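Spelled out, the chains give:
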Amino acid sequence: MPPPPAQRIPGRLRSQGPLSNPNALLEPLEADELAGWEERNLLPEVPHP
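Below is a summary of the structure that appears in this document. Quick caveat, the model's predicted, so the values are computed rather than measured.

**Quick word on the overall build of the protein chain**
Check the secondary structure of the protein chain and you find one helix and zero strands. Judged by the C-alpha coordinates and their principal axes, the protein chain covers about 45 × 35 × 10 Å. Evaluated residue by residue, the protein chain yields a buried proportion of 0% over its 49 residues. Total accessible area computed for the protein chain in this model is approximately 5600 Å², and 59% of it derives from carbon and sulfur atoms. The distance from the centre of the 4 positive side-chain charges to the centre of the 7 negative ones in the protein chain is 21 Å.

What follows is the structure, encoded as structure tokens:
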């Protein structure tokens, strides 16, 4: 039996304080960073029998 999924706790990061530069989330990525995201496979490879 697999373990139950982790329970989400809304607001658990609130104690870390606000982001130091929230506008950085809206800035475009550098070309090399963007290439890394586009090349990365987000789903693990599943072996086919």
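**Comments concerning the environment of Pro4**
Tracing the chain through its elements places Pro4 in the segment before α1 (31-39). Note on Pro4: relative accessible area 69%, which makes it exposed. Spatially, the C-alpha atom of Pro4 lies 34 Å from that of Leu34, the residues being 30 residues apart in sequence.

**Observations concerning a nonpolar patch on the surface**
Taken together, the side chains of Leu19, Leu25 and Leu26 present a nonpolar region at the surface, about 390 Å² in accessible area. Here Leu26 lies in the segment before α1. Leu26 sits in the exposed class, given a relative accessible area of 72%.

**So, the environment of Glu27**
Tracing the chain through its elements places Glu27 in the segment before α1. Overall, the relative accessible area of 49% leaves Glu27 in the partly exposed class. When the C-alpha positions of Glu27 and Arg14 are compared, they lie 23 Å apart, and in sequence the two are 13 residues distant.

Each value, and the rule that gives it
- Residues numbered from 1 in each chain as written.
- Predicted model: local features only at pLDDT ≥ 70, side-chain atom pairs only at ≥ 80, totals over all residues.
- Heavy atoms only, no water.
- Helix = DSSP H or I, 4+ residues; strand = E, 2+ residues; numbered from the N terminus.
- Buried < 20%, exposed > 50% of the residue type's maximum accessible area, 1.4 Å probe, protein only.
- Areas by Shrake-Rupley, 256 points an atom, 1.4 Å probe, with all protein chains shown as cover.
- Lys, Arg positive; Asp, Glu negative; His and termini not counted.
- Charge placed at Lys NZ, Arg CZ, Asp CG, Glu CD.
- Patch = residues over 30% accessible without salt bridge, like charges linked within 9 Å, V, L, I, M, F, W, Y side chains within 5 Å.
- Salt bridge = Lys/Arg side-chain N within 4 Å of Asp/Glu carboxyl O.

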